[in-house]
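Architecture at a glance
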Amino acid sequence: MANLRDRLNRINSINRIKRTHQNKTESKNCDEAKTDESYNVLLEQGWQQCGFKVFKREINLTLPFGSLKSKKPIKPLPEFLSIIIPDLANRDLPAPVIEDFLFFDLETTGLSGGAGTVAFLAAFGRFADGKLVITQYLLLDYPGEHDFLNCVLQQLKTENAVIVSYNGKCFDSQIIKTRFLMNRMKPPLYRHADLLHPTRRLWKTIIQDCSQSSVESNILKIERTDDIPGSLAPEIWFEFLKTGATERLTGICDHNVSDIKGLAGILSAMISIAESPFKTDKYNYDTERLARSVYAYAYRQMLIGNYKEPLALIKLALNVLEPDTLWYDKLTRRKKYLERRISNN
């Protein structure tokens, strides 16, 4: 009787193993079918596979940004730009030209960082032949992260590149650094210009909310249509992992493209202001806060014996500032000091 019971138990155990294996096989076949369908949709939309579970696409956009529309060689960047964007004021490195700027933005599985947050979408944009060329890399599942990071690395290590982001120093760069370390890869080093703080200096008192979308809408007059909020990016990627549905995933990819385009627009506005400091009225910016930056710049130049350039900028600022204001008074005193130093030399 005991032998019969043992044989029945073994038979039941074998049957359970077979059923489990069959369920796993069916589930695997279902997942593979969903993956194949997703790949086909992406391929039809212009994506190309560039690694294990990593896809890539390139988009060329016509520039709507003033003089940057031209296909002719673009003149050197105005020196005043390094006053507006202090990250560019590194004397140990060559001054960048417009083609050196590499706009960078990530979409991630979390909005607060941390070791568990993964970047699943990276976009890079650069100016070339009068166009904004955007390259995107899309990670379709966790096992492909190493290949995804290698693609990102090739972009970040571009010679002479100046990475341009919006709050990227606090978020995007930290995510990249963490993911490289988690994958036992050496994090890349690069020159980084973050536009968030320069934007706040120019426009915070005017529009209060200095989110990128707010600056685009209120300053650049760029309105996004049918845009998926970036805050939904984590939910959309996890939904894709479960269902394989690509509709909302490609929507967040389009949002990512809009972020790069907006970054290019903000930089273009800053270049326009730098070309004619305190003269241009194309962008409504805070002249007093810009004068504050000139005041600090004049002090730095005084330390190295350069008096004429800051004096010229101070005169421009005094032409537009209201008398009897704090920065008008400060700049007037600094102007007199610089004039004395020049006359003594």
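Bear in mind that the values here come from a model prediction, so they are computed numbers and not experimental data. The residue numbers shown here count from 1 along each chain, following its written sequence. Totals for whole chains, interfaces and linings use every residue, but because this is a predicted model, local features are given only for residues with pLDDT of at least 70 and side-chain atom pairs only at 80 or more, for both listing and counting. To obtain the side-chain values, all non-hydrogen atoms of the structure were included, while hydrogens and water were left out.

In this scheme, strands are said to pair when DSSP sees at least two bridges between them. Comment: elements are numbered from the N terminus, with helices defined as DSSP H or I runs of at least four residues and strands as E runs of at least two. Pairing is mixed across the open sheet formed by seven strands, whose spatial order is 1-2-5-4-3-6-7. Among the strands making up the open sheet, the edge pair consists of strand 1 (48-51) and strand 7 (191-194). Averaged over all neighbouring strand pairs, the angle between strand axes comes to 30°, with direction disregarded. Whenever a helix is involved, its axis is fitted only over the stretch in contact; in every case the axis is a line through C-alpha atoms, and angles between N-to-C directions fall within 0 to 180 degrees.

Quick look at the environment of T250 now. Tracing the chain through its elements places T250 in helix 8 (residues 247-275). Categorising residues by exposure relies on relative accessible area from a 1.4 Å probe, with only protein chains included: less than 20% of the type maximum marks a residue as buried, more than 50% marks it as exposed, and the intermediate range marks it as partly exposed. A relative accessible area of 12% places T250 in the buried class. Sequence spacing of T250 and L42 is 208 residues, and the spatial spacing of their C-alpha atoms is 8.3 Å. Pairs of residues are marked as contacts when any of their non-hydrogen atoms sit within 4.5 Å. What T250 contacts, discounting residues up to four positions off in sequence, is L42 and Q45.

Let's shift gears to the packing of helix 6 (residues 212-220) against helix 8. One can describe the packing of helix 6 onto helix 8 by two numbers: an axis separation of 10 Å at closest approach and a directional angle of 50°. It follows from the interaxial angle that helix 6 and helix 8 lie oblique. Between helix 6 and helix 8 the crossing geometry is left-handed. Of the residues in helix 8, those touching helix 6 at Q212, V215, E216 and L220 are S258, D259, G262, L263, G265, I266 and A269. Angular relationships are summarised with four words: roughly parallel below 35 degrees, roughly antiparallel beyond 145, roughly perpendicular across 65 to 115, and oblique for the angles in between. Left-handed describes a crossing whose near helix is turned anticlockwise from the far helix through less than a right angle; right-handed describes the clockwise counterpart.

Not every positive phi belongs to a glycine, and R184 is a case in point at roughly 55°. Looking at the element boundaries, R184 is found in the loop between helix 4 (172-182) and strand 7. Even without a glycine there, the phi angle at K221 is positive, about 60°. Along the chain, K221 turns up in the loop between helix 6 and helix 7 (233-243). A relative accessible area of 63% places K221 in the exposed class.

Here we come to a nonpolar patch on the surface. A cluster of nonpolar side chains, contributed by Y299, L303 and I304, occupies part of the molecular surface with about 340 Å² of accessible area. For Y299, a relative accessible area of 43% puts it in the partly exposed group. Within the patch definition used here, like charges are joined within 9 Å and nonpolar side chains (Val, Leu, Ile, Met, Phe, Trp, Tyr) within 5 Å, considering only residues with over 30% relative accessible area and no salt bridge. Every accessible area reported is derived by Shrake-Rupley at a probe size of 1.4 Å, with residue values counting cover from the shown protein chains alone. Whenever Lys or Arg places a side-chain nitrogen within 4 Å of a carboxyl oxygen from Asp or Glu, that contact is recorded as a salt bridge.

Side-chain atoms within 4.5 Å link the members of a nonpolar core, which is a set of buried Ala, Val, Leu, Ile, Met, Phe, Trp, Tyr and Cys residues. Of all hydrophobic cores here, the largest spans 59 residues; its most connected members are F103 and W203. If you tally residues by element for this core, the top one is helix 8, at eleven residues. Look past the residues within four positions of W203 in its chain and what remains in contact with it is Q208, C210, V215, I219, A269, M270, I273, Y283, N284 and Y285. Ranked by size, the runner-up nonpolar core spans 38 residues in total, among them W47, F55, F104 and F124.

This part covers the confidence of the model for the chain. The predictor attaches a confidence to each residue, and that confidence, scored 0 to 100, is pLDDT. On average, residues of the chain score 87 in pLDDT, and 86% of them are at 70 or above. At the level of individual helices and strands, the chain shows its lowest average pLDDT in helix 1 (residues 2-44), which scores 64, and its highest in helix 3 (residues 145-156), which scores 97. A low-confidence stretch, residues 24-30 stays under pLDDT 50, and its non-local contacts, those more than four residues away or across chains, total zero contacts.

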